[in-house]
Amino acid sequence: MMKTNFTNFDKGPNFAEIFDVLGVGIFNADGECWFMQRKMAISRFMSKRFQSFYVEKNHEVVREVLLLVLQNAVSRGLTLDLQEVFKWLSFDSTCASVLGTNPGLLFVTFMENGFSMALDTATRVTFLWHSVPCFLWKTMRLLGFGWERKYGQAWQDLDDHLARYISVKKQDLADGQARVEGRQCAVGHVQINQDSTGFGPGNIPEFRVQILNASPTGTAVSNVHVACDQFASARLVNPRIFQRLKPNDCLVKDGKPLEANELIAFSYTNSRPYPLAVSHVEC
């Protein structure tokens, strides 16, 4: 019934307005637009190639990350919150399958990152708008305060993160470093997570960056470069860990090898977070 008579159950303009962060995708679309997107989605998700790829990615995350996390917990006598474990397992495997990049949050002890926090904020706010009068949240949106302000920031964060994932994937393909048979390392194997940690000296916003070599083949990478905009910090960052060479080009670990599963971290202070994305690696 929902498939053949979808026009009788349209979402309506109010639904699309509340969930505007989803754009004009299948979740917001109605009528012919929804029907065409549904056909496209089915053709992708039902293909044997995608299903095999999805299974492979999930097995990869379980085998190379989840089992290591559980073994580490057992050997050290740690107590794990299974809800958190499966939350980040789902997040990592979904990103790996859909975006082609594994954020590695399960590996780094379930650390919240900007993407997941923005997604959570956007979800909470959109459902909140269903329980309050329409004029209230529209007024908040018009004036830019309260939850609507957080919603706008979350939307921008989501766009920024997705843009970086797309940029990294394009760079992978352009450099011939996409994950294909016979290749040992790729730009996408080095993961960058960035989060706000409050305020540093002088009440300047502080951000923590973690860079992980998540190579599935256990390959070390060197000469890791990061597209980093006009990176600068009011707080000194050790140049042997992270150094800006020129605009939009920063060098990690002084160009020295980053071993498999090696994690390095540093903090910087600035009025806003810089967009960071790996732009080059060497095997």
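What counts as what
- Residues numbered from 1 in each chain as written.
- Predicted model: local features only at pLDDT ≥ 70, side-chain atom pairs only at ≥ 80, totals over all residues.
- Heavy atoms only, no water.
- Pairing = 2+ DSSP bridges.
- Helix = DSSP H or I, 4+ residues; strand = E, 2+ residues; numbered from the N terminus.
- Axes fitted to C-alpha atoms, helices over the stretch in contact; angles between N-to-C directions.
- Phe/Tyr/Trp six-rings, centres within 6.5 Å; stacked < 30°, edge-to-face > 60°.
- Buried < 20%, exposed > 50% of the residue type's maximum accessible area, 1.4 Å probe, protein only.
- Parallel < 35°, antiparallel > 145°, perpendicular 65-115°, else oblique.
- Left-handed = near helix turned anticlockwise from the far one by under 90°.
- Contact = heavy atoms within 4.5 Å.
- Nonpolar A, V, L, I, M, F, W, Y, C, P; charged D, E, K, R; others polar.
- Core = buried A, V, L, I, M, F, W, Y, C linked by side-chain atoms within 4.5 Å.
- Patch = residues over 30% accessible without salt bridge, like charges linked within 9 Å, V, L, I, M, F, W, Y side chains within 5 Å.
- Areas by Shrake-Rupley, 256 points an atom, 1.4 Å probe, with all protein chains shown as cover.
- Salt bridge = Lys/Arg side-chain N within 4 Å of Asp/Glu carboxyl O.
- Expected span 1.5 Å × (residues − 1).
- Bend = angle between axes of the 7 residues up to and from the residue.
- Disulfide = S-S within 2.5 Å.

Draft legend 1. Fine view of the sheet that holds strand S6 (residues 263–269). Strand order in the open sheet formed by 3 strands is S1-S2-S6, and the pairing between neighbours is antiparallel. Looking along the sheet, the strands with just one partner apiece sit at the ends: strand S1 (190–199) and S6. Sheet twist, expressed as the average angle between the axes of neighbouring strands with direction ignored, equals 20 degrees. In this structure, S1 lies alongside strand S2 (residues 205–213), joined through 9 bridges in antiparallel fashion. For Gly 198, the partnering residue across the bridge sits in S2 and is Glu 206.

Draft legend 2. Highlighting the packing of aromatic side chains. Here the structure, examined in full by the defined rule, presents 8 aromatic pairs. Ring geometry for Phe 231 and Phe 242: centres 5.1 Å apart, planes at 75 degrees, overall edge-to-face. In this pair, Phe 231 sits in the loop between strand S3 (222–227) and strand S4 (242–246) while Phe 242 sits in strand S4, placing the two residues 11 residues apart along the sequence. Exposure class is identical for Phe 231 and Phe 242. Each is buried. What links up through ring pairs into an aromatic cluster is the set Phe 207, Phe 231, Phe 242, Phe 266, Tyr 268 and Tyr 274.

Draft legend 3. Looking closely at the packing of helix H3 (residues 48–76) against helix H4 (residues 82–98). Where H3 contacts H4, the two axes come as close as 9 Å, and the packing angle between them is 135 degrees. As the angle between them shows, H3 and H4 are arranged oblique. Seen from above, H3 lies across H4 with right-handed handedness. Contact residues: Phe 50, Phe 53, Tyr 54, Lys 57, Asn 58, Val 61, Val 62 and Leu 66 in H3; Val 85, Leu 89, Asp 92, Ser 93, Ala 96 and Ser 97 in H4. Grouping the amino acids of the contact of H3 with H4 by side-chain chemistry returns 9 nonpolar, 3 polar and 2 charged.

Draft legend 4. View of the nonpolar core. Ranked by internal contacts, the top residues of the largest apolar core, which has 24 residues, are Val 190, Ile 211, Phe 231, Phe 242, Phe 266 and Tyr 268. Contributions of two or more residues to this core are made by S2, S3, strand S5 (249–252), S6 and strand S7 (277–282). For Ile 211, the residues in contact, after removing those within four places along its chain, are Val 190, Gln 191, Ile 192, Phe 242, Val 252, Leu 258, Glu 262, Leu 263, Ile 264 and Phe 266. Counting residues in hydrophobic clusters, the runner-up holds 21 residues, among them Val 65, Leu 106, Ala 118 and Leu 158.

Draft legend 5. Up close: a nonpolar patch on the surface. There is a patch of nonpolar side chains on the surface, built from Val 62, Leu 67 and Leu 70 and spanning about 200 Å² of accessible area. Here Leu 67 shows up in helix H3.

Draft legend 6. Inspection of H3 at higher detail. Over its 29 residues, H3 extends 41 Å from the first C-alpha to the last, a length consistent with the 42 Å expected when each residue adds 1.5 Å. A bend of about 35 degrees at Val 62 is the largest found in H3. When we look at burial in H3, the residues that qualify are Lys 57, Asn 58, Glu 60, Val 61, Val 65, Leu 66, Val 69 and Ala 73. Just beyond H3, the residue with positive phi is Gly 77, at close to 65 degrees.

Draft legend 7. Spotlight on the environment of Gly 100. Tracing the chain through its elements places Gly 100 in the loop between H4 and helix H5 (114–128). Looking at Gly 100, the relative accessible area reads 24%, which means it is partly exposed. Once residues within four sequence positions are removed from consideration, Gly 100 is found in contact with Cys 95 and Lys 169.

Draft legend 8. Region of the structure containing the state of the cysteines. The tally for this structure, following the rule as stated, stands at 1 disulfide. One disulfide bridge connects Cys 228 with Cys 250, the sulfur atoms lying 2.1 Å from each other. Linking Cys 228 and Cys 250, the disulfide has an S-S dihedral of approximately 85 degrees and is accordingly described as right-handed. Within this pair, whereas Cys 228 is found in the loop between S3 and S4, its partner Cys 250 is found in strand S5, the two being separated by 22 residues in sequence. Judged by relative accessible area, which is 0%, Cys 228 ranks as buried.

Nothing here speaks to function; it is geometry throughout.
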